Amino acid sequence: MTDPASLSAAAPAAGGREPADARVIRLSVDVFVTLVLIVAFGWLSFSYVAPFVPILMWSAVLAVALHPLYRGLVLRMGGREGRAALVLGLIGVLLILAPAFMIGSALVESFGDLARRLGGDDVSVPPPSEAVKAWPLIGPAVFAQWSEAHADLNETLRRFAPQLRAISTSLLAAGAGVALGVLQFALSVAFAAVFLRFAEPLTEALGRLASRAASERGRLMLSLSAATIRSVSRGVLGVAVVQGVLAGVGVVAMGLPFAGFLAAILLMACIVQAPPLAFLPVIALAWSVDGGVWALFFTIYMIAVMFLDNVLKPMLLGRGLTTPMPVILVGVIGGTLSSGLLGLFVGPVVLALVWELIRAWSAPETAADEVARAADAPPSG
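Just so it is clear, the structure is predicted and the values come from calculations on it, not from any experiment.

Quick look at the packing of helix α10 (residues 276–289) against helix α11 (residues 293–306)
One can describe the packing of α10 onto α11 by two numbers: an axis separation of 9 Å at closest approach and a directional angle of 175 degrees. Taken as axis vectors, α10 and α11 run roughly antiparallel relative to one another. Contacts between α10 and α11 pair P276, F279, L280, V282, I283, A286 and W287 from the former with A295, L296, F298, T299, M302, I303, V305 and M306 from the latter. Residue composition of the contact of α10 with α11, grouped by class: 14 nonpolar, one polar and no charged.

Here it is, written out as structure tokens:
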């Protein structure tokens, strides 16, 4: 005979009602499976998009920095936004590819000339100038090694063959990285042109999102973001590029050996905010090659270019932006290590933006006027 207690216990299940513990387990499994699928698809999607993240970030930076120029071009073209974006994109790509092609051609020509000279029988190294001995710290050692190379270049090359091979491998890897960086820059300019074409709806959408996140303060943060990007891109990166280009022109005009390679090194030193590390050795090289009047003119010119940032930065940096230079330097180094040549430019902009946003967010409410003033916008009531 069946136990009445067991019948009463089985009645809820027979009636279609699921026990509470079973429902909890089933819902937990459903949530877990859903989360796993979301994470898996999200990870796969991000892995496919990840190579384009630095490019898209730099495209956004360029679009914000070039927006005033874009609006002026639209007005000159009678309101044709698509045509203005196309023209600006083509000009940007040409401005990137043309100097890259010139520097690359100079590097290939320099190394090709070196290879031809090393392959001939008339290989020789000019004797060092006595002024090399006066170089601080490294002068005597450089003079001794240079003299040995002048006396017997083949023996010197054999002695330093392992080091030369390592340097050659590093230079090839660096050249490949630079070529990839130039391609990324060109793609960034193309994407920036697309962003500029749809700047109005994108700005409106970002404004709504900022308002939903932090009300009026969110819009102030958005304005501060745009001001920070323009300030860093013009006052830091723009000045560095101007310095690097002018220094490269001076090196080429002076006729120094491996002018293309030296110009690239000078440009990199300006971008990492340390021009003296490259400018002073190049000046010393000019005196060792030609210690006459031209070397004096070259020295005066390079020193003026080296300190040019002290004049341009106060003119180009936005009002109210007080990003410390160590933040910029960390962004340059970290961006380069993480994303190569493109990160060299994206890193300082991103860190400066984060710094300014944290500073404004942590300020009291009375700092809203300062945020608006830094963003070149009138304070809102």
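That covers the picture; the talk isn't over yet.
A word on the pattern of salt bridges
Applying the stated criterion across every chain, the model contains three salt bridges. Put simply, R197 and E81 hold a salt bridge, and the shortest N to O gap is 3.4 Å. Residue R197 is located in helix α7 (residues 161–197), and its partner E81 is located in helix α4 (residues 81–119); the two are separated by 116 residues in the primary sequence. For R197, a relative accessible area of 33% gives the class partly exposed. E81 gets classed as partly exposed once you look at its relative accessible area, which sits at 23%.

Description of the environment of A253
Looking at the element boundaries, A253 is found in helix α8 (residues 199–254). Note on A253: relative accessible area 68%, which makes it exposed. With 45 residues separating them in the primary sequence, A253 and F298 have C-alpha atoms 9.1 Å apart.

Brief notes about the confidence of the model for the protein
Here the protein averages 74 in pLDDT, and 72% of its residues register 70 or above. Of all helices and strands in the protein, the one with the weakest mean pLDDT is helix α1 (residues 4–14) (48), whereas α11 scores best (88). Predicted confidence is poor over residues 4–15, with pLDDT under 50, and the contacts of this stretch with residues over four places away or in other chains come to two contacts. Scored below 50 in pLDDT, residues 374–381 shows 15 contacts in the model against residues more than four places distant or in partner chains.

A short note on helix α3 (residues 53–76)
Between its terminal C-alpha atoms α3 stretches 33 Å, which fits the 34 Å expected from 24 residues at 1.5 Å a residue. In α3, a bend of some 55 degrees at H67 exceeds every other bend along the element, and P68, a proline, comes one to four places later. Within α3 the residues assigned to the buried category are P54, I55, W58, S59, V61, L62, A63, A65, H67, Y70, L73 and V74.

Comments concerning the packing of helix α9 (residues 259–271) against α10
Two elements in contact, α9 and α10, have axes separated by 9 Å at closest approach and are oriented at 150 degrees. As far as their axial angle goes, α10 and α9 are roughly antiparallel. Between α9, through L262, I265, L266, A269 and C270, and α10, the contact on the second element is made entirely by A278, F279, V282 and L285. Here the contact of α9 with α10 is composed, by residue class, of nine nonpolar, no polar and no charged.

Cut-offs and rules
- Residues numbered from 1 in each chain as written.
- Predicted model: local features only at pLDDT ≥ 70, side-chain atom pairs only at ≥ 80, totals over all residues.
- Heavy atoms only, no water.
- Axes fitted to C-alpha atoms, helices over the stretch in contact; angles between N-to-C directions.
- Helix = DSSP H or I, 4+ residues; strand = E, 2+ residues; numbered from the N terminus.
- Parallel < 35°, antiparallel > 145°, perpendicular 65-115°, else oblique.
- Contact = heavy atoms within 4.5 Å.
- Nonpolar A, V, L, I, M, F, W, Y, C, P; charged D, E, K, R; others polar.
- Salt bridge = Lys/Arg side-chain N within 4 Å of Asp/Glu carboxyl O.
- Buried < 20%, exposed > 50% of the residue type's maximum accessible area, 1.4 Å probe, protein only.
- pLDDT = per-residue confidence, 0-100.
- Expected span 1.5 Å × (residues − 1).
- Bend = angle between axes of the 7 residues up to and from the residue.

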